[in-house]
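# Observations on chain architecture
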Amino acid sequence: MEKWVAQDPRQVFKAIDDPALIRRWYGAPPGGVRLGQEGGEEVGELFRLNLLDAKGAPLVQTGRILAVYPGEGFSIQMAWEGGSLGRGMTRASLILRPADGGTRIEVRQGLFSSPEMREAHRVYWEANLERLARVVSGEAVPCFEEFWEESSGFVEPLGMAAYTVLVGMREAGASSETLAQLEETLYAHFARLPEETANMLGAVLRARLEGVTPRDEGRQEDGGARTDR
Amino acid sequence: MSFQPPWGGAFRLHTFVHRTPDALPVDVIESIRAAILGSSLLGESNLTEQFSGTYGFSLTFRREALSEVKDRFPAFGPFLEAALLPGCNAFLLNPLLVQNGRGVEAHMDRSMEFYVDGLGCPIAVSVLYVQVPEHLSGGELRVYHRGQRVAALSPRPHSLVTFRGDLMHEVTAVEAGAPELSAARISLVVEQYRVPESLLAKVPVFELRTQTGAQA
């Protein structure tokens, strides 16, 4: 498959070569999330890319970078654990070619066990190249790892709630003055919450995020022995 | 647990770095310098490949071992008292010596993942400038947030810089002014972590590491 972008190959390669940029576009399946990468910092070294699919189910891409062609692309060997992209090992190359004042990005991959697997990987690469195009155009494509690292300074459910509100506003374009005022307001008021209330709100937040109902919780505590009237 | 301000209250979303000039008295910093240069532990860096060509050693400790650290390295005590954030419970302390032609490539500190897989970055990193050669050229600390440079700090003697632990950072190559180890750009760095109580046992109470490995 191919995709054309307006930037030259040198600019596109930067998004491949810079670890801070590649994590913004490479790895996640359509609608999914890239959680993080282990290993693979050197050519030939095994990597493990932890992902979530569009339904939030975990899947893993394992493999190794086979070669990096400075300014021109890379080749990779990959396989999947979980998900619907098959189990077999395949090889892919992503090559950058100057074209029409920009870059034509060419992806080749094989061999696939079936036409369905080939189509699934075409859709996979389409999502990845779409993000790559946004990254090379200078867009700060939302990146789980960046938000995760930044949120590490916050603790407990109320801290996470504050982080989500504040960064949500920042990403929506709120001015730094507005954010600073809101930060001070939130921190000043949250700090006055009695610990008991903070704990209770934290419990509600956890339960809401986990999608459990109070009745579910009761069943779990009772080991499922309680019957409904 | 009651609400805890982020980063132990040391930073805000748009605050990435603090710099305190003249953070410690000159004689205290001279003691730190002498302790680093005179240490038998000093050798090529045992940290990640981004530190290649620099010198130092590292010391991992939990807060409960702070008095032991001060006993073993009394010169470092005032720095630790000035730098450690109250909400952090595990630390990696390392002198960093950078000579001409060397720097530290861009990286994010994750040293504690050596012990606790997946722990991630520290809450904050503090840097005391112990020796800044008079004619130093280069050796600037550059700090990045989501790909954008948010600070570029030339080392100033005796100053203490603390930056958020979630930030990518680098030390640009020293171009001149530090021709030998005794004349190097010398800083004392402490990465400050908040390790969940359930994982804290994985962090050694006190461990020295050099390029040859761990030492008691």
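Quick summary incoming for the structure in this document. Computed from a prediction, not measured in an experiment: that's the story for all the values here.

## What to know about the pattern of salt bridges
Applying the stated criterion across every chain, the model contains 27 salt bridges over all chains. In this structure, E2 of chain A engages R104 of chain A in a salt bridge whose closest nitrogen and oxygen atoms are separated by 3.8 Å. Linking E2 of chain A in strand β1 (residues 2-5) with R104 of chain A in strand β7 (residues 102-110), this pair joins segments that are 102 residues apart in sequence. By relative accessible area, which is 47% here, E2 of chain A ends up partly exposed. The class for R104 of chain A is partly exposed, based on a relative accessible area of 28%. The partner of K70 of chain B in a salt bridge is E81 of chain B, with the nearest N and O atoms 3.1 Å apart. You can see K70 of chain B sitting in helix α2 (residues 66-72) and its partner E81 of chain B sitting in helix α3 (residues 77-83), a full eleven residues away along the chain.

## Some remarks on the environment of P95 of chain B
Looking at the element boundaries, P95 of chain B is found in strand β5 (residues 90-98). Given a relative accessible area of 2%, P95 of chain B falls into the buried group.

## What to know about the packing of aromatic side chains
Enumeration over the complete set of coordinates arrives at 13 aromatic pairs over all chains. Ring geometry for F154 of chain A against W7 of chain B: centres 5.1 Å apart, planes inclined by 65°, an arrangement best described as edge-to-face. With one member in each of two chains, F154 of chain A in the loop between α4 (144-151) and α5 (156-171) and W7 of chain B in the segment before β1 (17-20) form a pair that bridges those chains. Across the pair, W7 of chain B and F154 of chain A agree in class, each one buried. A centroid spacing of 5.2 Å and a plane angle of 80° characterise the contact between F190 of chain A and F3 of chain B, whose relative ring orientation is edge-to-face. A residue pair is termed interchain when its members come from two chains, as with F190 of chain A in helix α6 (residues 176-192) and F3 of chain B in the segment before β1. Aromatic ring contacts, followed pair by pair, group W25, Y26, W80, Y124 and W125 of chain A into a single cluster.

## Description of the pairing of strand β3 (residues 46-52) of chain A
Residues and elements named next belong to chain A. Bridge analysis of strand β2 (residues 33-39) against β3 gives six bridges, and the strand direction is antiparallel. Residue pairing for β3: Q37 is matched across the bridge by L49. Hairpin remark: β2 followed by β3, antiparallel, with six residues in the connecting loop; positive phi at G40, about 75°. Both β3 and strand β4 (residues 58-69) contribute to a ladder of seven bridges, which runs antiparallel.

Parameters and conventions
Residues numbered from 1 in each chain as written. Chains lettered and ligands numbered in written order. Predicted model: local features only at pLDDT ≥ 70, side-chain atom pairs only at ≥ 80, totals over all residues. Heavy atoms only, no water. Salt bridge = Lys/Arg side-chain N within 4 Å of Asp/Glu carboxyl O. Helix = DSSP H or I, 4+ residues; strand = E, 2+ residues; numbered from the N terminus. Buried < 20%, exposed > 50% of the residue type's maximum accessible area, 1.4 Å probe, protein only. Phe/Tyr/Trp six-rings, centres within 6.5 Å; stacked < 30°, edge-to-face > 60°. Pairing = 2+ DSSP bridges.

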